[in-house]
Amino acid sequence: LKVHEKEKCPQRIVECEHCSREMKSCELAMHLEMCPKMEVSCELKCGKRLCGEKIAQHLKQECGLVVETCRLRCGVKMTRNELKIHVTETCVQRLIPCKHCKKDFTFCDMTRHLDKCPKMEVSCGLKCGVVMCRKDMTQHVEQDCVEK
């Protein structure tokens, strides 16, 4: 009877090894499934192990395998790890500087900008061979071009 009471009785009081909460032995298994102090693996299998009470924060702020929508509003959904590269290298809505005027434009708007960029060098449309900034070309064609 003494062995039963100390080691086998489902009504005996035991302590959770993770949170030190006391409970009946028959409740321990169910408690361990939800114990906030028990270390568990991230459900997305990123390799991180945390105590249960920190999993929600990990998923909300840290886990690189959580799927999110691109913050630049291109509509793409991918993991946080992939988005780090996407927003700086491949997103059509990322900002890139014009190499001529140095102003920032979205990647998808850059071609349209280059068609009008006042600081981009262009060749004279009258084929005189002069190359100059687009903003100065009108004056050249109207007043200075030898092919006029």
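Residues numbered from 1 in each chain as written. Predicted model: local features only at pLDDT ≥ 70, side-chain atom pairs only at ≥ 80, totals over all residues. Heavy atoms only, no water.

(A) Focus on the environment of Leu65. Mapped onto the elements, Leu65 comes out in the loop between α3 (52–62) and β5 (67–69). Classification of Leu65 as partly exposed rests on a relative accessible area of 31%. For the pair Leu65 and Cys26, spaced 39 residues apart in sequence, the C-alpha separation works out to 37 Å. Discounting chain neighbours no more than four positions away, the residues touching Leu65 are Leu44, Lys45, Cys46, Thr79 and Asn81. (Helix = DSSP H or I, 4+ residues; strand = E, 2+ residues; numbered from the N terminus. Buried < 20%, exposed > 50% of the residue type's maximum accessible area, 1.4 Å probe, protein only. Contact = heavy atoms within 4.5 Å.)

(B) The side chain of His58, seen in detail. Considering the arrangement of structural elements, one finds His58 in helix α3. We classify His58 as buried; its relative accessible area is 3%. In contact with His58, other than residues within four places in its own chain, are Cys42, Cys46, Lys48, Leu50, Cys63 and Arg80.

(C) Just α3, in detail. Within α3 the residues assigned to the buried category are Ile55, His58 and Leu59. Angularly, the buried residues of α3 cover 90° about the axis, an arc narrow enough to put them on a single face. Exposed residues on α3 whose side chains face more than 90 degrees from its buried face are Ala56, Lys60 and Gln61. Looking at the packing, one finds that the buried side of α3 touches β3 (39–41), β4 (49–51) and α4 (80–90). (Arc of directions from axis to C-beta.)

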